[in-house]
Amino acid sequence: MLLLLLAMSGGCARGAGSASTSTDAGPPIRTTDETQYLSFGLPVNGLFELTGPGGGDPEQIHLLIDSSVRDLTAKIGVAGNGRSPDRLYTHVAASAAYEGAPALDFTNAPLWVAFNELSRPGFTTYPWERLRDGFDPIYQELAAHGSTHWGGTESAPFDGSGAVPAYEYLRRHFDFGATVVVLNTGATSAGLTDALTQAVFGRDALDAYARFLAGR
């Protein structure tokens, strides 16, 4: 997996550290700018109790996931010696998180789960489903929470079938308050990885990044 991170601060692009995470109790996460390690996992037993025979209560599942995100961000803050919330971003799949999203019953993570006082909200922002024509579901949730800073914490100018204009894709983020965009090429198949890599690192995309970050 190859990541390209773009961050905006005072109109300038700069590199920044990031934290990799997992939602199981497997390998610990590692913050890249400190040698701190944490182990964490969703409260699996509680989740199974909620999702057993009968499907469980979606609201209770959402609250459990929200509690887990808050617990994780609190642990990372401690490991980072009280790292400021503006250094942490959550990660919710936006195209599967708005009300009525086809995959919401599978992910059980609505957009509001991305928000807590310990971090900035972050979203997967592939332009799929309702995000294909714009990020209105994200903007509306940001407005509802009074948030001015957020991140595209897993992103690519790729709509599932091909690349989309990268300049417009960046504009949807940075012109609407985003402070970081993590462009991802990791995928579950070689074909999709190749398509994402071309969308993220193709010549048209690189030219678009340069124009956008130069303010042209």
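Everything below is about the structure shown above.
Scope of this entry: the structure provided in the associated data block. Because the structure is a prediction, the values reported are computed rather than measured.

1. So, the pairing of strand 7 (residues 150-155)
Next up, step 1: Burial of strand 7 is extensive: five of the six residues sit out of reach of the surface.
Next up, step 2: In this structure, strand 6 (residues 122-124) lies alongside strand 7, joined through three bridges in parallel fashion. In the strand pairing of strand 7, Phe123 is matched with Gly152.
Next up, step 3: As for the winding sense of the linkage, the β-α-β connection from strand 6 through helix 4 (residues 136-145) to strand 7 is right-handed.

2. Notes on the pairing of strand 8 (residues 178-184)
Next up, step 1: Of all seven residues that make up strand 8, seven are buried, and the element is covered over most of its length.
Next up, step 2: As paired strands, strand 7 and strand 8 are joined by four bridges and run parallel to one another. Bridging across to strand 8, Ser155 finds its partner in Leu183.
Next up, step 3: Crossover handedness for the path strand 7 to helix 5 (residues 166-174) to strand 8: right-handed.

3. So, the packing of aromatic side chains
Next up, step 1: Enumeration according to the criterion identifies eight aromatic pairs in this entry.
Next up, step 2: Three or more aromatic residues link up through ring pairs in this structure, and these residues are Phe135, Tyr139, Tyr169 and Phe176.

About the cut-offs
- Residues numbered from 1 in each chain as written.
- Predicted model: local features only at pLDDT ≥ 70, side-chain atom pairs only at ≥ 80, totals over all residues.
- Heavy atoms only, no water.
- Buried < 20%, exposed > 50% of the residue type's maximum accessible area, 1.4 Å probe, protein only.
- Helix = DSSP H or I, 4+ residues; strand = E, 2+ residues; numbered from the N terminus.
- Pairing = 2+ DSSP bridges.
- Right-handed = clockwise from strand over helix to strand, strands pointing away.
- Phe/Tyr/Trp six-rings, centres within 6.5 Å; stacked < 30°, edge-to-face > 60°.

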